[in-house]
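Observations on the model geometry
Single-letter residue listing:
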Amino acid sequence: METKTKTPPEEQFFFTTDEPEFKTKEMLLNMGPSHPAMHGIVKIAVKLQGELVMDADIEIGYLHRAMEKTCEDCTWNQATIYTDRLNYVSPIINNVGYVMAVEKLLGIEIPPRGQYLRTILSELSRIADHMTCIGAAAMEMGAMTVFLYAMKGREFLYELFEDYCGARVTTNATRVGGMPADLPDGWIDKMHRALKEERKIIKEIDGLLTCNRIFYDRIKGVGVMKADDAISYGFTGPCLRAAGVEYDVRKNFPYLVYDQADWSIVVGTEGDNFDRYLVRMEEMEQSARICEQLVKKIPDGPHSVSDKHIMLPDKENTYGNIEGLMNHFKLIMHGHGIRVPSGEAYQAVEGGNGELGFYVVSHPIEGEEEDGCASRPWRVRVRPPCLHLVAGIPHMIKGDMVADVIPSFGSINMIGGELDR
Amino acid sequence: MLLIVETLIALGKIAFVLAFVFSFAILLTWAERKQPALMQDRLGANRAPIFGLRLWGIFHSIAETFKLVFKEDFIPPAASQFAFRFAPVVALFPVLLTFAVIPFGNQLEIGGRVILLQVLNINVGILFLLAFGSLGVYGIVLGGWASNNKYSLLGGMRAVAQTISYEVVIGLTIIGPVMVYGTLELGDMVLMQNKLLFGWLPMWGVVVQPLAFLLFLPAGIAETKRTPFDLPEGESEIIGFNLEYSGMRWGMFFLGEFIELVVLAGLLVTLFFGGYHVPYLYDSFELSGVGGFVFPWGATIPLADVWVVVLRICSFAAKIAFFLWLQLLVRWTLPRFRYDQLMRVGWKIMIPLALLNIALTGIVLLAL
């Protein structure tokens, strides 16, 4: 009689090897979501043979806040504040990407001064983003001091953002049709000072890490993602460039005034953690170069479009005369606001982690169909660079050791807000 | 009567050494926060006032101790109850014993009675130290295993592999100084180090055994299980063997770690940096006359033995403080190794070098 042996319950999760004399089991280890390196928002289930990662599976969604859906209940300008919370270490790039998508729908282009401001602020955000990534990755490898140096460096940039828009993280630094304000007095000098400090800190970090034998051995040849694999996983940004693919939205699909500055795409060769680290280090320098060149060229003139249907009037008009007050009301009151014609638009910007795309659909809302325009987005879809990077993690960490999971995970700079939205 | 006096003297010495080690360990909890703060451009601990007095946050050591004692003592229901409670004790107490063999002075004559300034004067001092030093890892592996947590288990396993590997390095490295000084007793070893080479250079371990020192320092840091060798803890990777511990049980692991730091510093000083010696300072037993400074250029400063002892204890403390500072500096500068790299460095680089050191020492000793 044939008997079917049932697997005992504790065996079900483990794979037993066939070696009779020394019986070992694979151990299933859930790293996260409550794990110090997993930011509390992602789970990697790894199968371990000793310390070797045999298999890995990643689970996301712990920070899902229905950002895209929430945007559908906001006016066009209100949705900008939700984009702050995407990649919260470089929020201005998200702001810029979203408003550019809306402007594409409106068919307008903002004046050059506004474009320069957006470019400069985006590049400063990129430095802050890379700074955070390198600092956090180093901290997770035990180099706590690097992390605090990087945080100090980020502080100079956050002060610049604060001077410009009043907020450090939740910047909301753009408006559909332009910028909320011009640069405050002395801001450019302050930026030069900040970039000087930044370079000093980059040099310090470089001295602490790049030629540090322990750090080099830890990340060289680890977490490899070759160019072919990277492309098929949909990698973009520093992680793709580290694999040697020369793709950068700023160069391949130029937007704003990136063509006005002399800078180059940074590429690596191997696509391992060390290359990703080096690419980020050099990109900070390139961003600083862009900023320094562009501030010299900032043209005079308005920073926003003058269309009354899009931009709020100046405050002296709002409080000073009836036309201004009416204009303000017409843009702010419920059911009014910016009227965006029906249609759809996709606008990609180079975010801190790669191609950050906004797909915005405008469609008349029930009750206000008369002009075929909408006062709210019908759909806002974000193409987060992180999602694709995180999808590649199991491929990157398979065959490495459990300690390598941390630098590999750190080097892709997963940002939960952007990943889960 | 004699027995009582002897017992009192022994108890006094034990109390002194315990106070010495504990005050260093407690101060370390403060220095561990303040030194990195200085290195990292921040203020560090500066609260916890006593009567409005803050003193750069030095009272945080006290506040932290109270916090740990009064914290909830959580024991996971799935943990092995006895082993879980027992492990911190095993991690702490053997380490405390090790300082007994480290001399903090030569000897002192009070009322015709010569007191040896060392708690335990045994002829296998170094072996005693190594044996008890390595007992501490039982606490860690026991704690890691008893917690019934996969991360702790990994931490415990790493701790065992690391400690065993680096114990071999330490053992082989110490053979060099032992060959040079011809004794296993740390007190004698320190006495030998006050001799002068070429009439002016104190014969400190680092002078006669530089390679042994260079190997001993990283191996010792590896034994204390701190960054860059903090794999058993690896707080961002596997959170560590002490993951399930809280309150004072967790504190005991850390106290054990800090005491290990002090012991390592003491051992480094004793083996390689002349122990309690101040260069050119001798006591009356060594000079068989009046003690004091005898400089190589002929000048002398006579000093009473009591002052010599005080100076030497201060010098011992200063040297230990220096090595604690060095260990903190290393800990807050470097990232951590990976498990396989650690093993490779230990077995493929440090052990061959330690063997080479033994061979070289042997050849030089034979040639002399």
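Residues numbered from 1 in each chain as written. Chains lettered and ligands numbered in written order. Predicted model: local features only at pLDDT ≥ 70, side-chain atom pairs only at ≥ 80, totals over all residues. Heavy atoms only, no water.

With that out of the way, let us pick up the overall build of chain A. Assigned secondary structure in chain A consists of 17 helices and 8 strands. Its C-alpha radius of gyration of 24 Å places chain A within 12% of the 22 Å reference for a compact globule of 421 residues. With respect to the three principal axes, the spread of C-alpha positions in chain A is 90 × 60 × 30 Å. Split into buried and exposed, the 421 residues of chain A put 57% on the buried side. Here the contacts in chain A between residues at least 6 apart in sequence split such that 70% fall between residues at least 24 apart. (Helix = DSSP H or I, 4+ residues; strand = E, 2+ residues; numbered from the N terminus. Rg over C-alpha atoms; globule rule 2.2 N^0.38 Å. Buried < 20%, exposed > 50% of the residue type's maximum accessible area, 1.4 Å probe, protein only. Contact = heavy atoms within 4.5 Å.)

The next point concerns the nonpolar core. Membership of the largest hydrophobic core comes to 126 residues, with the highest contact counts inside it found for Met-31, Ile-44, Trp-76, Leu-124, Ile-205 and Leu-209 of chain A. Not counting residues within four places of it along the chain, the set of residues in contact with Met-31 of chain A comprises Met-38, Val-42, Lys-43, Ile-44, Val-46, Val-402, Val-405 and Ile-406 of chain A together with Tyr-151 and Glu-237 of chain B. Membership of the second largest hydrophobic core comes to 79 residues, among which are Phe-24, Ile-102, Ala-265 and Ala-317 of chain B. (Core = buried A, V, L, I, M, F, W, Y, C linked by side-chain atoms within 4.5 Å.)

Residue and element names in this part refer to chain B. With antiparallel pairing, the 3 strands of this open sheet are ordered in space as E5-E6-E7. Here the strands that pair on one side only, and so sit at the sheet edges, are strand E5 (281-282) and strand E7 (300-302). With 3 bridges joining them, strand E6 (residues 292-294) and E7 adopt antiparallel strand pairing. Each residue of the ladder has a partner; that of Val-294, found in E7, is Thr-300. (Pairing = 2+ DSSP bridges.)

Attention now goes to the interface of chain B and chain A. In many reports, interface size means the accessible area that the parts give up when they come together. Each partner contributes residues to the interface: chain B has 24 residues there, and chain A has 34 residues. Interface area, chain B with chain A, both sides summed: about 2,600 Å², of which 61% is carbon and sulfur. Together, Lys-150, Pro-335 and Arg-338 of chain B form the three largest contributors to the area buried by chain B at its contact with chain A, with a combined 23%. At the boundary of chain B and chain A, one finds 4 salt bridges. Across the pair Glu-237 of chain B and Arg-218 of chain A runs a salt bridge whose closest N-O atoms are separated by 3.3 Å. Of all the secondary structure elements, the ones that give two or more residues to the side of chain B that touches chain A are helix H5 (150-181) and helix H12 (339-367) of chain B. Ranked by residues supplied to the side of chain B that touches chain A, first place goes to H5 of chain B with 4 residues. Within the side of chain B that touches chain A, the residues separate by chemical class into 10 nonpolar, 5 polar and 9 charged. (Buried area = accessible area lost by both parts, 1.4 Å probe. Salt bridge = Lys/Arg side-chain N within 4 Å of Asp/Glu carboxyl O. Nonpolar A, V, L, I, M, F, W, Y, C, P; charged D, E, K, R; others polar.)

Residue and element names in this part refer to chain B. The terminal C-alpha atoms of H5, which comprises 32 residues, lie 46 Å apart, in line with the 46 Å expected from a rise of 1.5 Å per residue. If you check the start of H5, you find a side-chain oxygen 2.8 Å away from the backbone N of Tyr-151, and it comes from Asn-149. The first or second residue beyond H5 is Gly-182, which carries a positive phi of 65 degrees. (Expected span 1.5 Å × (residues − 1). Polar contact = N/O pair within 3.5 Å; in protein donor to acceptor, adjacent residues only side chain to side chain.)

A separate point is the packing of aromatic side chains. Residue and element names in this part refer to chain B. Counted according to the given criterion, the structure contains 34 aromatic pairs over all chains. Considering the side-chain rings of Phe-16 and Phe-104, the 4.9 Å spacing of their centres and the 40 degrees angle between planes classify their relative orientation as tilted. On the criterion of sequence distance, the pair formed by Phe-16 in helix H1 (residues 2-39) and Phe-104 in the loop between helix H3 (81-98) and strand E1 (107-110) is long-range, its members being 88 residues apart. Judged by its relative accessible area of 5%, Phe-104 is buried. Judged by centre distance (5.3 Å) and plane angle (25 degrees), the rings of Phe-229 and Phe-337 are stacked. Of this pair, Phe-229 sits in the loop between helix H8 (210-224) and helix H9 (247-272) while Phe-337 sits in the loop between helix H11 (305-331) and H12, and the two are 108 residues apart along the sequence. For Phe-337, a relative accessible area of 13% puts it in the buried group. Members of the aromatic cluster, joined through ring pairs, are Trp-204, Phe-213, Phe-216, Phe-272, Phe-273, Phe-322, Phe-323 and Trp-325. Positioned over the ring face of Trp-332 is Arg-331, at 4.1 Å from the centre of the ring. (Phe/Tyr/Trp six-rings, centres within 6.5 Å; stacked < 30°, edge-to-face > 60°. Lys NZ or Arg CZ within 6 Å of the ring centre and 35° of its normal.)

In spatial order, the strands read E1-E2-E3 (chain A); together these 3 strands make up an open sheet with antiparallel pairing. Each of the sheet's edge strands pairs with one partner strand only, and the pair in question is strand E1 (27-31) and strand E3 (52-59) of chain A. Shown here is a sheet whose adjacent strand axes are inclined to one another by a mean of 20 degrees, direction ignored. Pairing between strand E2 (residues 43-49) of chain A and E3 of chain A: 7 bridges, direction antiparallel. Each bridged residue has a counterpart across the sheet, and for Ile-44 of chain A the counterpart in E3 of chain A is Ile-58 of chain A. Across the sheet, H5 of chain B touches E1 and E2 of chain A, and the angle it forms with E1 of chain A is around 110 degrees. (Axes fitted to C-alpha atoms, helices over the stretch in contact; angles between N-to-C directions.)

Further remarks concern the confidence of the model for chain B. Residues and elements named next belong to chain B. Residues at a pLDDT of 70 or more form 100% of chain B, whose mean pLDDT is 86. When pLDDT is averaged over each element of chain B, H12 comes out on top at 90 and helix H10 (residues 284-287) at the bottom at 74. Here the complex is predicted with pTM 0.86, and the ipTM for its interfaces comes to 0.82. (pLDDT = per-residue confidence, 0-100.)

Turning our attention to the packing of H5 of chain B against H8 of chain B. All names here are of chain B. It is at 9 Å that the axes of H5 and H8 come closest, and there the two elements cross at 150 degrees. Regarding the angle of H5 to H8, the classification is roughly antiparallel. Crossing angle aside, the handedness with which H5 passes H8 is left-handed. Contacts from Gln-162, Thr-163, Tyr-166, Glu-167, Val-169, Ile-170, Thr-173, Ile-174 and Pro-177 of H5 reach H8 at Ala-212, Leu-215, Phe-216, Ala-219, Gly-220, Ala-222 and Glu-223. Split by residue class, the contact of H5 with H8 holds 10 nonpolar, 4 polar and 2 charged. (Parallel < 35°, antiparallel > 145°, perpendicular 65-115°, else oblique. Left-handed = near helix turned anticlockwise from the far one by under 90°.)

In this section: the pairing of strand E5 (residues 343-350) of chain A. All names here are of chain A. As defined by bridge partners, E5 adjoins strand E6 (residues 355-362) across 8 bridges and the pair is classed as antiparallel. Bridge assignment links Gln-347 to a residue of E6, and that residue is Phe-358. Between the antiparallel neighbours E5 and E6 lie 4 residues, among them Gly-354 with a positive phi of about 145 degrees.

Turning to the pattern of salt bridges, a few remarks are in order. Applying the stated rule across the entire model yields 39 salt bridges over all chains. For the salt bridge of Asp-84 of chain A with Arg-85 of chain A, the shortest nitrogen-to-oxygen distance reads 3.6 Å. Owing to a relative accessible area of 35%, Arg-85 of chain A belongs among the partly exposed residues under this scheme. Measuring nitrogen to oxygen at the nearest pair gives 3.2 Å for the salt bridge that ties Arg-226 of chain B to Glu-257 of chain B. Linking Arg-226 of chain B in the loop between H8 and H9 with Glu-257 of chain B in helix H9, this pair joins segments that are 31 residues apart in sequence. Linked through salt bridges whose partners overlap, the residues forming this network are Glu-123, Arg-126, Arg-241, Asp-248, Arg-250, Glu-283 and Glu-350 of chain A.

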